[in-house]
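Chains, contacts and geometry: an overview
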Amino acid sequence: ITGFDVNSIPLDDPKTMSLFTSEDALNISLKDIDCKVGSLGIPEFGTKFVRQMLMDTQPGTFAELVRISGLSHGTDVWLNNAQELIKSGTATLKEVISTRDDIMLFLIYKGVNPRASFKIAENVRKGKGLTSEYEEIMKEQNIPEWYIESCKKVKYLFPKAHATAYVMMSFRVAYYKINYPEAFYATHYTVKLVDFDADLFIKGKEAILAKWIEIDRLGNNSTAKEKNLMTLIEVVYEMYLRGINLLPVDLYKSDAKKFIVTKDGILPPLASLQGIGTSAAQSIANTRKESSFISLDDLRDRAKISKTVIEILKNHGCLKGLPESNQLSLFSDGGGLGV
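All of these numbers come straight from a predicted model, not from anything done at the bench.

Focus: the packing of helix H5 (residues 100-109) against helix H6 (residues 114-125)
As a packed pair, H5 and H6 sit with axes 8 Å apart at the nearest point and diverge in direction by 150°. When the axis of H5 is compared with that of H6, the two are roughly antiparallel. By crossing handedness, the relation of H5 to H6 is classed as right-handed. Contacts from Arg100, Ile103, Met104, Leu107 and Ile108 in H5 reach Pro114, Ser117, Phe118, Ile120, Ala121, Val124 and Arg125 in H6. For the contact of H5 with H6, a count of residues per class yields 9 nonpolar, 1 polar and 2 charged.

Re the packing of helix H2 (residues 48-57) against helix H4 (residues 78-88)
The geometry of H2 relative to H4 is characterised by a closest axis approach of 10 Å and an angle of 25° between their N-to-C directions. When the axes of H2 and H4 are compared, the pair comes out roughly parallel. Remark: the crossing between H2 and H4 carries left-handed chirality. In this structure, H2 uses Phe49, Met53, Asp56 and Thr57 to contact H4, whose residues at the interface are Trp78, Leu79, Gln83, Ile86 and Lys87. For the contact of H2 with H4, the class distribution of residues is 5 nonpolar, 2 polar and 2 charged.

Points about the side chain of histidine 316
Looking at where histidine 316 falls in the secondary structure, it is placed in helix H16 (residues 307-316). For histidine 316, a relative accessible area of 10% gives the class buried. Aside from chain neighbours lying at most four places away, what touches histidine 316 is Ala198, Asp199, Ile202, Pro248, Val249 and Leu273.

Some remarks on unusual backbone geometry
Unlike most non-glycine residues, asparagine 27 shows phi in positive territory, near 60°. Inspection of the secondary structure puts asparagine 27 in the loop between helix H1 (14-18) and H2. A residue is classified by how much of its surface remains accessible, and asparagine 27, at 70% relative accessible area, is exposed. Positive phi values are uncommon outside glycine, yet aspartate 76 reaches one of about 55°. Within the secondary structure, aspartate 76 sits in the loop between helix H3 (62-73) and H4.

Conventions used here
- Residues numbered from 1 in each chain as written.
- Predicted model: local features only at pLDDT ≥ 70, side-chain atom pairs only at ≥ 80, totals over all residues.
- Heavy atoms only, no water.
- Axes fitted to C-alpha atoms, helices over the stretch in contact; angles between N-to-C directions.
- Helix = DSSP H or I, 4+ residues; strand = E, 2+ residues; numbered from the N terminus.
- Parallel < 35°, antiparallel > 145°, perpendicular 65-115°, else oblique.
- Left-handed = near helix turned anticlockwise from the far one by under 90°.
- Contact = heavy atoms within 4.5 Å.
- Nonpolar A, V, L, I, M, F, W, Y, C, P; charged D, E, K, R; others polar.
- Buried < 20%, exposed > 50% of the residue type's maximum accessible area, 1.4 Å probe, protein only.

Just distances and angles here, no functional claims.
This is how it looks when you write it as structure tokens:
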């Protein structure tokens, strides 16, 4: 969409890095949806869970983002473990265990035999904890007690190379978010198409904020569908705050499944309307190439779509000006019936 090569993005860009600790680079405030960072919609860093991690750790480098990725993908690595160590001041983000590689390299650095370091790291990353022998080896090299206890709590650790690959992707997406916002939002919505609700989202930021508050009040009682919707609501709300509009679905201009960047805003696809599947949307898109629709009956018959789909399109405003039947169309067009 942008024509800007992803491999040209510097992985130490300060403005992009700032999104992981503040929304300042976006020139907006997200306080109304309880968000203090600019990572909404960025893979691996957009969820409420990881956003809280960003606030707790305040990462300032790419390497620290890698550590956060490791922490967020591990089991019993962050919660009741590294989070408490960092909050209490016992250890810093750079010191806590975040990936399986950390343990082996740290132990070797502290003088533990490389073979033993590897075996300890393997035991811990699989959630097997420490044997009394391994614990004794660590104590002999003056490994801090908090580090030993942290190893015992871990149930699974992420590989550092995997975390690095994730963060490279995330950082590049974040760069587009700042520099090519329309392309970023259009692409994000296309990826999240199944959860998108064009009827709700075209109503503007006030209606969207009201829906966010409604779901937020449900707390843990919200359904999986509502939770997915809420994640999208946050991104769409942010988009509106940045001055980017979402256009209504258009029967002729909208793509079947992809969001399109236009000079007036982002144009949603036909399938972004809840209740219209991708098959029905594609059928409409294919059929309209042949000729314009002359009535609702014509649309339904040629595109082979249900009355329900017709109603959804009608309620959204896509079918304005189209008569119900072909017969009515003949009258309205002066169809030569000799009346």
